[in-house]
Amino acid sequence: MNQSTSLASLLTAVRVTAQSGPTTVPVTGLTLDSRQAGPGVVFFALRGTANDGHQFIPKAVELGAAAVVCEDLPTDLNPATAYVQVKDSAEAMAYMAAEFYGHPSRKLQLVGITGTNGKTTCATMLHKLFRELGYHCGLLSTVQNQIDEQVIPATHTTPDAIRLNELLARMVQASCTHVFMEVSSHAVVQHRVTGLQFAGGIFTNLTHDHLDYHGTFDAYLKAKKGFFDMLPKSAFALTNADDKRGPVMLQNVVGRRESYSMRGPATFRGKLIENAVHGLHLEVDGREAQFRLIGVFNAYNLLAIYGAAVLLGEEPTEVLTVLSGLTSAPGRFEPVLAEKTRITGIIDYAHTPDALENVLQTIAEIRQPSQQVITVVGCGGNRDGAKRPIMARLASQLSNRAVLTSDNPRFEDPNDILQQMQTGVPAADQGKVLTIPDRREAIKTAVALAQPGDIVLVAGKGHEAYQEIKGVRSDFDDKQVLIEMFNLLGK
Ligand SMILES: CC(=O)N[C@H]1[C@@H](OP(=O)(O)OP(=O)(O)OC[C@H]2O[C@@H](n3ccc(=O)[nH]c3=O)[C@H](O)[C@@H]2O)O[C@H](CO)[C@@H](O)[C@@H]1O[C@H](C)C(=O)N[C@@H](C)C(=O)N[C@H](CCC(=O)O)C(=O)O
Ligand SMILES: Nc1ncnc2c1ncn2[C@@H]1O[C@H](COP(=O)(O)OP(=O)(O)OP(=O)(O)O)[C@@H](O)[C@H]1O
């Protein structure tokens, strides 16, 4: 995008504590990485988790940066460079990025989704729903960003404020009216969404996660709540009333307080009629509808999506009709049916003990006693080793058969990872477990073991389309391999 303005006009968006150097300079770009600095570019020195961006100011200046925005002015100032001192560089960057890109969020109906689980599912399905309803719209998610059907790879759940405003501006340029985005707790704390004007916010749920970053559960909750606290009066704040933290999210918010529930009073009410392998049958605000998504957690996601669409002014019956035909987000409890034998394959991104347990418990809720569950699972290399025995234990205890295999061994020997996983399998379950390092062979074996009607869960990779071995990423897609094996084995 060709963008140009003057530093002085960008500074109207922030409170400056001190400044030096020429402010009339034209600005053609913004960056938070000194290595990307150059003439016309404003460099923001951010205090990071590993580095302090202030140490890279000389590098940015050496590369010709037009200006530096920082919290502490350097002692050695270059007369050709403008230096701007602010209280918080990350916050200033967000306001200046919004200004630089012409406040794209104000020209869109921007809806943010926060919570531990369900963000990708809700954002992706809202995007699909509004596309079906005839709108041009954008998506910002962990899996991918999208402008209508154009896919733009994603590096973060929520991009940094510069990239975010740039993407929103591209969406405005492509005539998008609605954008659905995931708002991670990291993004709130790091001011990635500061200065954006939201039309609505959704809270899905909160469980223990990311405590390595936030330190305490309260800090994690505070980060999530920070997003609801920034919603303006015109926006809706839609919360899950059945989640323990749902009501807290609405405390003292300025936005319109709305809720959804499967249990009690709420703006949008759902009732479970059937939760089966082939999908959910729900009553939503008194209307019955059948959905292709599986599991009670998806009933909550569907209610959130329905509620948001109605709050955005869509007609409830039409919303339900379109939602009924939609499939889930890629690799999020994604069913793959073998037509001939009615074996149900499920592809899920679950790569932590919590997520694996959730998925297997959901399968336990929907399966008939005659249906066996066969789980294929692995654990990544060069990452948290403690989860390996736990995941193997869960897979063996909560399935009829488990096939332990590789999941991005990276630089570790796959056999070492598998050995560590095996230590978690209880003696009584040893007979249920096979160990096959080659993931393709593992999926083939699981399909071969499955009898008509059984369920094959392939966990861990979800939408990921690669397997990383010794630093090399080769193409590997669980869904494609599963379909290939159904065909190969005549299932
Ligand atoms: C822990 C975390 O959130 N880190 C993010 C943070 O980086 P950081 O603070 O570690 O950066 P740093 O290395 O300490 O450097 C400090 C500053 O110096 C700059 N720098 C660094 C080197 C150099 O040569 N020159 C230079 O200017 C860096 O650009 C940075 O601005 O700020 C960077 C710029 O915005 C992010 O890219 C980076 O995300 C990293 C890659 C990351 O993995 N983040 C994850 C944890 C994350 O944000 N995840 C959430 C989703 C969580 C979930 O729900 O699953 C997300 O929204 O994606
Ligand atoms: N509302 C929900 N409640 C509990 N679990 C859920 C919910 N929605 C999805 N899940 C489970 O959590 C997994 C992650 O779902 P999803 O990707 O939608 O969440 P997310 O918040 O975007 O998480 P991530 O950022 O890790 O992708 C799914 O594979 C599914 O098994």
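If you're wondering where the values come from, they're calculated on a predicted model, not measured in any experiment.

Details of the packing of helix α10 (residues 296–311) against helix α11 (residues 316–325)
For any two helices packed against each other, the geometry is given by the interaxial angle and the distance between the axes.
Thought 1: Running from N to C, α10 and α11 cross one another at 140°; their axes reach a closest spacing of 10 Å. On the basis of their axis angle, the class for α10 and α11 is oblique. Taken as a pair, α10 and α11 cross one another with a handedness that is right-handed. Across the interface between the two elements, L302, I305, Y306, A309 and V310 from α10 touch P316, V319, L320 and L323 from α11.
Thought 2: Of the residues assigned to the contact of α10 with α11, the class counts are 9 nonpolar, no polar and no charged.

With respect to the site of ligand 2
Thought 1: Contacts to ligand 2 come from 15 residues, most closely from G118, T120, T121, R332 and D348.
Thought 2: One of the side-chain N or O atoms of N301 is found 2.9 Å from a nitrogen atom in ligand 2.
Thought 3: Those elements giving two or more residues to the shell around ligand 2 turn out to be α4 (119–132) and α10.
Thought 4: Top element by residues in the shell around ligand 2 is α4. It accounts for 3 residues.
Thought 5: Class assignment of the residues belonging to the shell around ligand 2 gives a composition of 3 nonpolar, 8 polar and 4 charged.
Thought 6: Looking at which domains feed residues into the shell around ligand 2, each of domain 2 (103–325) and domain 3 (334–489) gives three or more.

Structural notes on the site of ligand 1
Thought 1: Neighbouring ligand 1 are 23 residues; T49, A50, N51, T157 and S184 lie closest to it.
Thought 2: In the environment of ligand 1, an oxygen atom lies 3.2 Å from a nitrogen or oxygen atom belonging to the side chain of R35.
Thought 3: Residue N51 places a main-chain N or O atom 2.6 Å away from an oxygen atom belonging to ligand 1.
Thought 4: For ligand 1, the accessible surface in isolation is 1100 Å², of which the surrounding protein chains cover 71%.
Thought 5: Looking at the shell around ligand 1 residue by residue, the class counts come to 6 nonpolar, 12 polar and 5 charged.
Thought 6: When residues of the shell around ligand 1 are assigned to domains, at least three fall in each of domain 1 (5–89) and domain 2 (103–325).

Considering α4
Thought 1: Across its 14 residues, α4 extends 20 Å between first and last C-alpha, which sits within 8% of the 20 Å expected from 1.5 Å per residue.
Thought 2: Within α4 the residues assigned to the buried category are K119, T120, T121, C122, A123, T124, M125, L126, H127, L129 and F130.
Thought 3: Within two residues after α4, G134 carries a phi angle of roughly 100°, on the positive side.

As for the pattern of salt bridges
Thought 1: One pass over the full model with this rule turns up 18 salt bridges.
Thought 2: In this structure, E62 engages K59 in a salt bridge whose closest nitrogen and oxygen atoms are separated by 3.8 Å. Of the two residues, E62 and K59 are both situated in helix α2 (residues 57–62); the distance of 3 residues between them amounts to about one turn of the helix.
Thought 3: Note that K461 and E464 form a salt bridge whose closest N and O atoms lie 3.4 Å from each other.
Thought 4: Using a relative accessible area of 0% as the deciding quantity, one classes K461 as buried.

Considerations on the environment of E484
Thought 1: Locating E484 in the fold gives a position in helix α16 (residues 478–488).
Thought 2: Separated by 381 residues in the primary sequence, E484 and H103 have C-alpha atoms spaced 47 Å apart.

Looking at the domain arrangement of the protein
Thought 1: The domain boundaries assigned to the protein delineate domain 1 (5–89), domain 2 (103–325) and domain 3 (334–489).
Thought 2: Once you take the C-alpha centre of each, domain 2 and domain 3 turn out to be 29 Å apart.
Thought 3: Between domain 2 and domain 3, the residue contacts involve 10 residues of the former and 10 residues of the latter.
Thought 4: Of the roughly 810 Å² buried at the junction of domain 2 and domain 3 (both faces included), carbon and sulfur atoms supply 67%.
Thought 5: At the junction of domain 2 with domain 3, the criterion picks out 0 salt bridges.
Thought 6: Joining domain 2 to domain 3, the criterion identifies 1 residue pair in polar contact (both at pLDDT 80 or more).
Thought 7: Among the elements of the structure, β16 (268–276) and α10 are those that each provide at least two residues to the side of domain 2 that touches domain 3.

Conventions adopted
Residues numbered from 1 in each chain as written. Chains lettered and ligands numbered in written order. Predicted model: local features only at pLDDT ≥ 70, side-chain atom pairs only at ≥ 80, totals over all residues. Heavy atoms only, no water. Axes fitted to C-alpha atoms, helices over the stretch in contact; angles between N-to-C directions. Helix = DSSP H or I, 4+ residues; strand = E, 2+ residues; numbered from the N terminus. Parallel < 35°, antiparallel > 145°, perpendicular 65-115°, else oblique. Left-handed = near helix turned anticlockwise from the far one by under 90°. Contact = heavy atoms within 4.5 Å. Nonpolar A, V, L, I, M, F, W, Y, C, P; charged D, E, K, R; others polar. Near = heavy atom within 4 Å. Polar contact = N/O pair within 3.5 Å; in protein donor to acceptor, adjacent residues only side chain to side chain. Domains from an automatic or database assignment. Areas by Shrake-Rupley, 256 points an atom, 1.4 Å probe, with all protein chains shown as cover. Expected span 1.5 Å × (residues − 1). Buried < 20%, exposed > 50% of the residue type's maximum accessible area, 1.4 Å probe, protein only. Salt bridge = Lys/Arg side-chain N within 4 Å of Asp/Glu carboxyl O. Buried area = accessible area lost by both parts, 1.4 Å probe.

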